[in-house]
Structures are given as structure tokens and as C-alpha cells.
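Next come the chains, spelled out residue by residue.
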Amino acid sequence: MGEKIKIEGGVALRGHVRAEGAKNACLPVMAASLLCEGEVTLCDVPPLQDVLSMCQVLECLGARVAYDPAEKKMAIDARGLCGVEAPYPLIRKMRASFLVIGPLLARMGKARVSLPGGCAIGIRPIDLHLKGLRALGAQVLIGHGFIETTADRLRGERVYLDFPSVGATENIMMAAALADGVTVIENAAEEPEVVDLARFINAMGGRVAGAGTDTIRIYGVPGLSPAVHTVIPDRIEAGTYMVAAAITGGQVTVDNVIPTHLVPLIAKLKETGCDVLEEESSIHIRRSGHLRAVDLKTLPYPGFPTDLQSQMMALLTLARGTSVITETVFENRFRHVDELRRMGAQIKIEGHTAVVTGKERLYGAPVKASDLRAGAALVLAGLAAAGSTEVSCVHHIDRGYHRLTEKLASLGAAIKREE
Ligand code: EPZ
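Calculation criteria
Residues numbered from 1 in each chain as written. Predicted model: local features only at pLDDT ≥ 70, side-chain atom pairs only at ≥ 80, totals over all residues. Heavy atoms only, no water. Near = heavy atom within 4 Å. Polar contact = N/O pair within 3.5 Å; in protein donor to acceptor, adjacent residues only side chain to side chain. Areas by Shrake-Rupley, 256 points an atom, 1.4 Å probe, with all protein chains shown as cover. Helix = DSSP H or I, 4+ residues; strand = E, 2+ residues; numbered from the N terminus. Nonpolar A, V, L, I, M, F, W, Y, C, P; charged D, E, K, R; others polar. Buried < 20%, exposed > 50% of the residue type's maximum accessible area, 1.4 Å probe, protein only. Pairing = 2+ DSSP bridges. Contact = heavy atoms within 4.5 Å. Axes fitted to C-alpha atoms, helices over the stretch in contact; angles between N-to-C directions. Phe/Tyr/Trp six-rings, centres within 6.5 Å; stacked < 30°, edge-to-face > 60°. Lys NZ or Arg CZ within 6 Å of the ring centre and 35° of its normal. Salt bridge = Lys/Arg side-chain N within 4 Å of Asp/Glu carboxyl O. Lys, Arg positive; Asp, Glu negative; His and termini not counted.

1. Brief notes about the site of the ligand
Lining the immediate surroundings of the ligand are 22 residues, of which D127, L128, S165, D307 and V329 lie closest. Within the contact set of the ligand, an oxygen atom lies 2.9 Å away from a side-chain nitrogen or oxygen of K23. In the environment of the ligand, a nitrogen atom lies 2.7 Å from a nitrogen or oxygen atom belonging to the side chain of D127. Against a free-state accessible area of 820 Å², the protein chains account for coverage of 86% of the ligand. Among the secondary structure elements, those contributing two or more residues to the shell around the ligand are helix 1 (23-32), helix 5 (127-135), helix 6 (166-176) and helix 12 (372-384). Here the shell around the ligand gets 3 residues from one element, more than from any other, and that element is helix 5. Residue composition of the shell around the ligand, grouped by class: 10 nonpolar, 5 polar and 7 charged.

2. Observations concerning unusual backbone geometry
Following Y301, the chain continues into P302 via a peptide bond in cis, with omega recorded as 10 degrees. Residue placement: P302 occurs in the loop between strand 18 (296-298) and helix 10 (309-316). The phi angle at K72 is positive, at roughly 60 degrees, despite the residue not being glycine. In this structure, N187 takes a positive phi of about 60 degrees despite not being glycine. Mapped onto the elements, N187 comes out in the loop between strand 11 (182-186) and helix 7 (192-203). For N187, a relative accessible area of 23% translates into the label partly exposed.

3. Quick look at the sheet that holds strand 6 (residues 85-86)
Strands sit in the order 6-7-9-8 across an open sheet of 4 strands; the sheet is mixed. Looking along the sheet, the strands with just one partner apiece sit at the ends: strand 6 and strand 8 (139-142). Strand direction decides the pairing type here: strand 8 and strand 9 (residues 146-150), joined by 4 bridges, are antiparallel. Looking at strand 9, one finds that L141 is bridged to E148. Helix 4 (residues 101-108) rests against strand 7 (110-114) and strand 9 of the sheet, and its axis sits at about 155 degrees to strand 7.

4. Focus on the packing of aromatic side chains
Counted under the stated rule, the structure contains 0 aromatic pairs. One residue, R112, lies across the ring of F146, its end atom 3.7 Å from the ring centre. Across from the ring centre of Y219, 4.6 Å away, lies the NZ or CZ of R207, which sits over that ring.

5. As for the pattern of salt bridges
Side-chain pairs of opposite charge can arise where the charged atoms are in close proximity. Under the definition given, this model contains 27 salt bridges. E20 serves as the salt-bridge partner of K72, at 2.7 Å between the closest nitrogen and oxygen. A residue pair is termed long-range when its members are at least 10 positions apart, and K72 in the loop between strand 4 (64-68) and strand 5 (73-77) and E20 in the loop between strand 2 (14-18) and helix 1 qualify at 52 residues. We note that K72, like E20, is buried. When the shortest N-O distance is used, the salt bridge between D338 and R341 registers 2.8 Å. In this pair, D338 and R341 both sit in helix 11 (residues 336-342), 3 residues apart, roughly one turn of the helix. Among the residues examined, D338 registers a relative accessible area of 46% and is labelled partly exposed. Among the charged side chains, a salt-bridge network with shared partners connects E20, K72, E237 and K407.

6. Focus: the environment of G137
By secondary structure assignment, the location of G137 is in the loop between helix 5 and strand 8. Looking at G137, the relative accessible area reads 15%, which means it is buried. With 14 residues separating them along the chain, G137 and A151 place their C-alpha atoms 6.3 Å apart. Beyond its immediate chain neighbours, meaning those up to four positions away, G137 contacts T150, A151 and R155.

7. Remarks on the sheet that holds strand 16 (residues 275-278)
In space, the 4 strands of this open sheet follow the order 2-15-17-16, with mixed pairing throughout. Here the strands that pair on one side only, and so sit at the sheet edges, are strand 2 and strand 16. Within the sheet, the average angular offset between the axes of one strand and its neighbour, ignoring direction, is 15 degrees. Summarising the sheet, strand 2 and strand 15 (residues 251-255) pair through 5 bridges and their orientation is parallel. Among the inter-strand pairings, V17 is bridged to a residue of strand 15, identified as V254. Its contacts with the sheet place helix 9 (residues 263-271) against strand 16 and strand 17 (282-286), and it is angled at close to 150 degrees to strand 16.

8. Observations concerning the side chain of D371
Here D371 lies in the loop between strand 22 (366-368) and helix 12. Despite its burial, D371 remains without a salt bridge, the nearest opposite charge being carried by R333 at 4.5 Å. A distance of 3.3 Å separates a polar atom in the side chain of D371 from a polar atom in the side chain of S370. Non-local contacts of D371, meaning those with residues more than four positions away in its chain, are made with A120, I121, R333, R335 and H396.

Here it is in C-alpha cells:
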């Protein structure tokens, strides 16, 4: 049955907690290390299951990876890059492995990757990734469960993304880094993690301009050389702890954050009645009075992040009034709703919209994590619920949260993991 997280709710969290390096910046940066003929050093690499999975992918392609989880430092040397295939079991385990396809094409002229397939939050297509790679001159063959791309030479092109896909933007940026000429990505994703990837490619001698806007220009260079890169802080992990403070009526400082990456969440938490104070690299959050209902709609950055939607929903189940939550990024990201209902939440789903009627309290119950962020939302609900909550399938949570129970316990939560 695997491990569970057990929580006795009702404790107002207090104290300091530090956010790790961002999972969703680290994974593309690790993939981009394949572009470099030399050893790169990555700092503040979070010791997460997904990071370890990406290490396996890079190693099976012939790169040498040395990771010290205590120091959170990683060295990747892709001089020995010899493989062009990311095996299905690894892709199935973590769809972000698909991010190696761009670098492999750029370095080896060929890549064979299993189709990532869907996951709990949606079908997760890759059409925009393939549109971009084809535009750069790659031939793409879709076989039974795998994709094979080949390109003698990648050449810069203009690519319009029908949706500002984070992964597609990153894959195209990496392929374009070593292409002949200039690539322009229009309607590109603007997420901070895309900017961090561009920063890393430029540190290796690449030429990426405009990352963080909807138009990114990549000027191909002949080759990239080693660099040292520190991964940006994880805005989603930090946001999760901010909501933990709000939902328990506590007072918490989250350290190692970039406040400008959390503007939508800060705004929404203030609207619910929380006090939020931003400093250079930390955020103080306190909630003393009652919570007010708010509406929110998830959007590509700089809109409200879909990765914090389930956490905010958990909070709003306890707000006074009715909140309307609209999920516009993924088509099936309300898997946490049934589980929150088991804890007494009143939520009505109408298509991509969830109507949350706030209640006085939630009640602890055995609940099941369906995906990474839904699992985090259930832990947050358990922190505030009366009685004890058991969250199962915590392997989903381990993919994106390092020492979640220890960090929450250090803030006073009555929480522990057990078999
Ligand atoms: C990244 O996934 C993140 N993962 C996700 O975080 C995050 O939720 C998502 O961006 C949105 O911010 C990593 O960075 C490893 P997308 P990604 O391509 O790149 C559609 C977490 O919890 N789409 O921006 O897969 C797609 O169906 C994870 O840490 C296409 O239609 O997200 C979806 O509706 C979950 N065609 C929307 O775009 C494509 O070719 C957003 O997907 C690609 C995407």
C-alpha cells in the first residue's frame, strides 16, 4: 500500500521554512546539459524523485552524472553522449524526460523517445513540440508508442506556438541553440523556469534573447562550453507553504523565494484577508481573522499558476462565501475535488469551473493523492481539518516536494510519514 502521511489537524503553523531549487527549472536545465561538450555544475538542485529520474535518463544516454543530494550539487558531463533513445519506462515515469528530444537532435542529429502519454491531469499532447522541431528542419516519424526525429542540420526558423506551452518553448529553445541561424518563437511561454533555462544556455555561450516575453530569439552557435548554474527557487513549493500558513491561521516566513515570481498568489492571498509582506528573498505571511472567498482563473505566466490551483481550492473550502475557480491550462485538473469532498468540502464542478462554497470546518479522513499538486492540497486540507487525515499514494508528492512532512513539522504541524 506504500507510505502514507498522517496529520492531526488544527495547529496554526509558525516559523521559517526554506524553498528548494525549482523542479521545473532544474529538469530542463539538466536536459540542456546534453548540449554542452564538457562538464557543467548545477547548484541548489532539489533532491526530488523527478530529479533522480532525469539523472537516469541522462546516464542511459551516455552522460556522466554526479549528484550530491546533501550539497544539492550536480555535475553533468555529456562528452560521452552516445545514445539517442530515452527508454519508455523512464518516459512513462516522468513525462519531462521528453525534454531531451531537443538537445539530442541538436547534438546527435537524431532522437528516439517513447510517446510520453497522458497523465492524471490531462492527455498532455506534444504537437507543439513536434511543430517546432519540424520547423527547424527535423523529420518526425511517429511509430507505435514512440517518436523518432532526425535532422542532418537544424536551421533557425520562425515558430508560432498555438498555446504558450512551457515544454514546447523549452524543447525548441534547446534545439535552436546549436542550429544554423536565428529561431524566433512567437507566443512563447513566459514562465520564470523558461527564463532560467535561457540564462543557463547563455552561461554556456549560447545566445538567447527575449526569454520571459512572448517572443524569444535564439541565435545558433557552433557549440557550448561548461558553466556553473544555480537553479532559481521553486515558486510552487514556496506558494504551497504560503497557503499552509493561510489555511492553518498561522504566521510563516518562506525563505529563498523571488517575490516577483509569486505576484498572482500574493494578490489572491491578500484578497482572502491574509497579511503578506515581501522582502528581498523571503515572504512573510500571516492570517489571523476569517478567510474571504475569492474567484481565480489559472492562466499561463504571468497569470495565476495552474500548479497552485489545487492548493488554493483547499484554502477556499474554508473561506466565507462562494469562490469560483476556473482551470484554463489543463483539461482535467480537478482530481482533488472528490477527496476534498470526503473531508466535508462543498464543491460543485461545471466543466472547467469549480464553485466552492466555504464551510466552517473540514473533517479529517483517509484520502488519496492522484497527482503531485492534488496530493499537496490534501495535506494542506489535513493541516486545517478537525481530527486526523491520512494521505496515501505519497509517491506523487515526493516527485515535487523535498522533506514536506519534516518541513511542516518544523512549523509545528502534527504530521508524520508511516508505512
Ligand atoms: C510544465 O508542464 C510543468 N512541468 C507543469 O508542472 C506545469 O503545470 C505546466 O508546465 C504549466 O505551467 C514541467 O515544467 C516539468 P505545457 P508542460 O506544455 O510543459 C497543452 C508540476 O506540477 N499543450 O505548458 O507539460 C497541454 O495539453 C507540473 O510540476 C499542447 O496542447 O506544460 C496543456 O493543456 C504539472 N500541445 C497546456 O498546453 C503541446 O505540444 C500546458 O502544457 C504541449 C502542451
